[in-house]
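# Examining the three-dimensional arrangement
Read off the chains here:
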2 protein chains.
Amino acid sequence: MPRDEHQNREIRDARRDQLLEAASVIFARRGMAGTKISDVAKEAKLSHGLVYHYFNSKEQLFYELVKKASERSMVSLTKALEVEGTPLDQLTLMTEEILRSIEHGNELHLFVIMIQASTSDAVPEQVTSLLSDVNHSPVKAILPMLIAGQERGEIVQDDPVQLAVAYYAMIQGLAINKIQWKECPIPKASILLRLFTSKGGE
Amino acid sequence: MPRDEHQNREIRDARRDQLLEAASVIFARRGMAGTKISDVAKEAKLSHGLVYHYFNSKEQLFYELVKKASERSMVSLTKALEVEGTPLDQLTLMTEEILRSIEHGNELHLFVIMIQASTSDAVPEQVTSLLSDVNHSPVKAILPMLIAGQERGEIVQDDPVQLAVAYYAMIQGLAINKIQWKECPIPKASILLRLFTSKGGE
DNA sequence: GTCTATAACACGATAGAC
DNA sequence: GTCTATCGTGTTATAGAC
């Protein structure tokens, strides 16, 4: 008894997700160049031939993951911007959300893949151009919040770019740390936020 | 006219350094698995056959670099411990030195290679065991300074492990950032150190 | 000490059976 | 839709000329 089109579609979607999930694990561990299609297939418990049934190439597979990652990375940020409250409130909420997701380790692989994508030049052209749009400036993205906070006097009067760089570096570093060291204690949001608040208080 | 043994030795040392230097650039950019011996040779402007004259394998080449990197990474730390002054003085000096070296970009490649070595499992067994000795605990290394500082009341009374993790994550993140984004403005030491100083002042 | 040529092999990608 | 068998390329590593 033949499957109908609807069932086929469900199977295809499931397989695609299965492969993307497996690929994110392997890519995060071994990088773009170090990843073998056969390892991805093994992780997904499917044959390596099937990978090419769903994706044109290893590069495309990597591209899809970076796209997914960069979409997700903007979620926390836009959420933060919708929150009622002062800039510092928004930053606090955003930080807590990011730390939770690092702690929980759910989308950690995607995070690391984005870092790889921007540090390694072993990645396809298509990917780097995608990144210059989105990832190139998570720093720029939080800049407005910092400046607004400085105007209200709730954020310290340092160079806001330096503040943003330090903040983003810490997030990146924590994600990397967490992947390598599972039991790594993730700091509380209040520690990260101390970057922004002046010593003398306000 | 034949070269004598001394001249030969000088040539060998020079070539070895030349290859290690080139390899650190390529490994940092493309990772262990992504690095091709021919690329290293090209970077060093030598033939790829010569690489195998000086190193047994790609893995050994990588191993030598990680060893070199882990030796260097302890330098800033031990220097800091020799400084006369309070724990916060020592941390300040250490931070300034590390930021200078990131800013200057001199040993950045080695730094990134160490991060790769600990995040990727595409590295040889020999390397990971080397790392568990040295790199596994730069966090542990600064812990005593933090605790001493807390006793003197010059460092905030948060969980010192969380403080150390946050600090080290920021350093790592800055190094990674700098490699990908050459003009990245490196924050002043005072910004990083704000992690450690209490909001209310002392 | 340095190079070029080549052996041996691994991996990405495809073809075709079921 | 999924698998196994296979091709072709490119890479590690070696051999041997200079």
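For the structure itself, consult the block above.
Since this is a predicted model, take the numbers as computed values, not measurements.

Attention shifts here to the overall build of chain A. For chain A, the count of helices and strands is 10 helices and 0 strands. In chain A, the succession of α and β elements from N to C terminus is α-α-α-α-α-α-α-α-α-α. For the C-alpha atoms alone, the extent of chain A along its principal axes is close to 70 × 35 × 35 Å. Expressed as a percentage of its 202 residues, the buried residues of chain A come to 51%.

The subject of this paragraph is the relation of the copies chain A and chain B. Placing chain A over chain B gives an RMSD of 0.1 Å and needs a rotation angle of 180 degrees, together with 0.0 Å of translation along the axis. The superposition operator between the copies reduces to a two-fold rotation axis. Interface residue correspondence from chain A to chain B reaches 100%, placing this contact among same-surface, isologous pairings.

What follows concerns the packing of helix α4 (residues 58-82) of chain B against helix α6 (residues 108-119) of chain B. Residue and element names in this part refer to chain B. Two elements in contact, α4 and α6, have axes separated by 9 Å at closest approach and are oriented at 110 degrees. For the element pair α4 / α6, the angle class is roughly perpendicular. Of the two elements, α4 crosses α6, and the hand of that crossing is left-handed. Seen from α4, the contacting residues are Phe 62, Leu 65, Val 66, Lys 68, Ala 69, Ser 70, Arg 72 and Ser 73; seen from α6, they are Leu 110, Ile 113, Met 114, Gln 116 and Ala 117.

This paragraph deals with the environment of Ser 47 of chain B. Along the chain, Ser 47 of chain B turns up in the loop between α2 (37-44) and α3 (48-54). Taking the relative accessible area as the measure of exposure, Ser 47 of chain B reaches 45% and is therefore partly exposed.

Time to look at the pattern of salt bridges. Inspection of every chain in the model, using the stated rule, returns 16 salt bridges over all chains. A salt bridge links Glu 107 of chain A to Arg 72 of chain A; the nearest nitrogen and oxygen atoms lie 2.4 Å apart. Here Arg 72 of chain A lies in helix α4 (residues 58-82) and Glu 107 of chain A lies in the loop between α5 (87-104) and α6 (108-119), a separation of 35 residues in the sequence. Given a relative accessible area of 35%, Glu 107 of chain A falls into the partly exposed group. In this structure, the salt-bridge partner of Arg 12 of chain B is Glu 5 of chain B, at a minimum N-O distance of 3.6 Å. Taking relative accessible area as the criterion, Glu 5 of chain B reaches 52% and is therefore assigned exposed. Where salt bridges share partners, they join Asp 158 of chain A together with Lys 188 and Arg 194 of chain B into one cluster.

Residue and element names in this part refer to chain B. Enumeration over the complete set of coordinates arrives at 4 aromatic pairs over all chains. Judged by centre distance (5.0 Å) and plane angle (70 degrees), the rings of Phe 27 and Phe 62 are edge-to-face. Residue Phe 27 is found in helix α1 (residues 5-34), and its partner Phe 62 is found in helix α4; the two are separated by 35 residues along the sequence. By relative accessible area, Phe 27 is classed as buried at 0%. Seen in terms of ring centroids, Tyr 167 and Phe 196 are 5.3 Å apart; in terms of plane orientation they differ by 40 degrees. Their pairing is tilted. Of the two residues, Tyr 167 is situated in helix α9 (residues 160-180) and Phe 196 in the segment after α10 (189-193); the sequence distance between them amounts to 29 residues. The burial state of Tyr 167 is the same as that of Phe 196; both residues are buried.

So, on to the protein's contact with DNA strand C. Around DNA strand C, a shell composed of 19 residues is seen, among which Lys 36 and Tyr 52 of chain A together with Arg 12, Arg 15 and Tyr 54 of chain B lie nearest. When the atoms of DNA strand C within 4 Å of the protein are grouped by moiety, sugar and phosphate amount to 74% of the total. In this structure, a phosphate oxygen belonging to DNA strand C sits 3.1 Å away from a main-chain N or O atom of Thr 35 of chain A. Between DNA strand C and Ser 47 of chain B, the relevant distance is 3.0 Å, taken from a phosphate oxygen to a main-chain nitrogen or oxygen of the residue. Contributing elements (two or more residues each) for the surface near DNA strand C: α3 (48-54) of chain A together with α1 and α3 of chain B. Broken down by element, the residue count for the surface near DNA strand C peaks at 5 residues, all from α3 of chain B. Looking at the surface near DNA strand C residue by residue, the class counts come to 6 nonpolar, 8 polar and 5 charged.

How each quantity is defined
Residues numbered from 1 in each chain as written. Chains lettered and ligands numbered in written order. Predicted model: local features only at pLDDT ≥ 70, side-chain atom pairs only at ≥ 80, totals over all residues. Heavy atoms only, no water. Helix = DSSP H or I, 4+ residues; strand = E, 2+ residues; numbered from the N terminus. Buried < 20%, exposed > 50% of the residue type's maximum accessible area, 1.4 Å probe, protein only. Least-squares fit on C-alpha atoms with pLDDT ≥ 70 in both. Contact = heavy atoms within 4.5 Å. Axes fitted to C-alpha atoms, helices over the stretch in contact; angles between N-to-C directions. Parallel < 35°, antiparallel > 145°, perpendicular 65-115°, else oblique. Left-handed = near helix turned anticlockwise from the far one by under 90°. Salt bridge = Lys/Arg side-chain N within 4 Å of Asp/Glu carboxyl O. Phe/Tyr/Trp six-rings, centres within 6.5 Å; stacked < 30°, edge-to-face > 60°. Near = heavy atom within 4 Å. Polar contact = N/O pair within 3.5 Å; in protein donor to acceptor, adjacent residues only side chain to side chain. Nonpolar A, V, L, I, M, F, W, Y, C, P; charged D, E, K, R; others polar.

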